[in-house]
Amino acid sequence: MTSEEMESITNVMEFEAVAREKLPKMVYDYYASGAEDQWTLHENRNAFSRILFRPRILVDVSNIDMTTTILGFKASMPIMVAPTAMQKMAHPAGELATARAASAAGTIMTLSSWATSSVEEVASTGPGTRFFQLYVYRDRNIVRQLVRRAENAGFKAIALTVDTPRLGRREADIKNRFTLPAHLTLRNFDGLDLGTVDRTNDSGLATYVADQVDRSLNWKDVKWLQSITTLPILVKGVLTAEDASLAVQAGAAGIIVSNHGARQLDYVPATIMALEEVVRAAQGRVPVFLDGGIRRGTDVFKALALGASGVFIGRPVVFALAAYGEAGVRKMLKMLHDELELTMALSGCRCIKEITRAHITAPWDAPHVSPRL
């Protein structure tokens, strides 16, 4: 693909069409599909369209500051890279390209447990703030080793995925009999006798998860994780006020409102619809982040207005990577940065802290009554 072709891309959604052309069907379907009827998959996007702006005018927006801090780490913008598995299926440079692009953008990358590059390989790409996403395996010694390796490689936080005691029913993967291509491995587990993501009569990944991931995972295990690491722990996969309160009680350093890209339980709400409930329950005790459905700077602004401290981007990363490699991911992150900056300017917000609930109206709000003049 030429740089001219990449220059013709004007929004984040357009990377997906290029990726679809370039990727084998099994790989594209794996990245793109959701669970069962895919209602939540579509709702993750559609829900943003029901939240409208209340822009303020005649504010001096000649200088816009988009910098923020995430768990005490400086970031150029409140837009971070979510953990997405097996990125070398998208592009030979895989997670290494994504790490370099996130670092160049001055933002945080989260590396999946199921990456096709190891924590050490990602660390070797150079400086940058990185988090490590963790699945808890039945063999806790494997978990201990993984966490220690992430610490030693300079990763700054653990994003504990809590919504996957079993893999959701992703019918595209079942039809395609999804398997990890033969030349790739889950690099963080090389040398461990854990089995591989092989071809089965089902989704190979579903079979792997059934064999390896601990279904008994519960709140006590969050405490156990704190006993084996000093890194802050983000609980990823919270959708309710009840679980937000329990996460805070369990000592989580932050919460990621996520429905796993609509790949687990179908007919859960879009994350943007669940966000405010979780933010209220957290009561400012820990930061709350949003993962799922972000495709525009306007989406990011809406999440921040509803109380998120930042957002994580998943599918757009792998589609931009598949389309144009590292340059694609850089362009995608810049697009979201520039769109958020423009949205802030047109809404009358000069810095992230100035984005408030008063800048949006949501479907569940009471009708806004103007004061009598």
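Structure first, text after, so check above.
From a predicted model like this one, the values you see are computed outputs, not experimental measurements. (Residues numbered from 1 in each chain as written. Predicted model: local features only at pLDDT ≥ 70, side-chain atom pairs only at ≥ 80, totals over all residues. Heavy atoms only, no water.)

**Let's talk about the overall build of the protein**
Broken down by element type, the protein carries 14 helices and twelve strands. Computed over the C-alpha atoms, the radius of gyration of the protein is 20 Å, within 12% of the 21 Å expected from 2.2 N^0.38 for a compact globule of 373 residues. In terms of overall dimensions, the protein has a C-alpha envelope of 75 × 50 × 40 Å along the principal axes. Split into buried and exposed, the 373 residues of the protein put 55% on the buried side. Looking at the protein alone, contacts between residues at least 24 apart form 73% of all its contacts between residues at least 6 apart. Per element, the accessible surface of the protein, about 16,000 Å² overall, is 52% carbon and sulfur. (Helix = DSSP H or I, 4+ residues; strand = E, 2+ residues; numbered from the N terminus. Rg over C-alpha atoms; globule rule 2.2 N^0.38 Å. Buried < 20%, exposed > 50% of the residue type's maximum accessible area, 1.4 Å probe, protein only. Contact = heavy atoms within 4.5 Å. Areas by Shrake-Rupley, 256 points an atom, 1.4 Å probe, with all protein chains shown as cover.)

**Thoughts on the packing of aromatic side chains**
Two measures describe an aromatic ring pair: the distance that separates the ring centres and the angle between the ring planes. Enumeration according to the criterion identifies ten aromatic pairs in this entry. Pairing Phe15 with Tyr324 gives two aromatic rings, centres 6.1 Å apart and planes at 75°, and the pair type is edge-to-face. Linking Phe15 in helix α2 (residues 14-22) with Tyr324 in helix α14 (residues 315-347), this pair joins segments that are 309 residues apart in sequence. Taken individually, Phe15 and Tyr324 each receive the classification buried, so the pair is uniform in this respect. When the ring of Phe289 is compared with that of Phe312, the centres are 5.9 Å apart and the planes differ by 80°; the resulting orientation is edge-to-face. Placement of Phe289 in strand β10 (residues 288-291) and of Phe312 in strand β11 (residues 310-313) is noted, with a sequence separation of 23 residues between them. Each member of the pair, Phe289 as well as Phe312, carries the same accessibility label: buried. Counting every residue linked through ring pairs, the aromatic cluster contains Tyr30, Tyr31 and Phe178. In this arrangement the basic side chain of Arg140 is found over the ring face of Trp224, its NZ or CZ atom lying 5.0 Å from the centre. Against the face of Tyr30 rests Arg263, its NZ or CZ located 4.7 Å from the ring centre. (Phe/Tyr/Trp six-rings, centres within 6.5 Å; stacked < 30°, edge-to-face > 60°. Lys NZ or Arg CZ within 6 Å of the ring centre and 35° of its normal.)

**Brief notes about the nonpolar core**
Ranked by internal contacts, the top residues of the largest apolar core, which has 112 residues, are Leu134, Ile255, Ile272, Leu275 and Met332. The dominant element in this core, judged by the number of residues it contributes, is α14, at 15 residues. In contact with Leu134, other than residues within four places in its own chain, are Ser113, Val143, Leu146, Val147, Ile158, Ala159, Leu160, Thr161 and Leu225. Membership of the second largest hydrophobic core comes to twelve residues, among which are Ile108, Phe131, Ala157 and Phe289. (Core = buried A, V, L, I, M, F, W, Y, C linked by side-chain atoms within 4.5 Å.)

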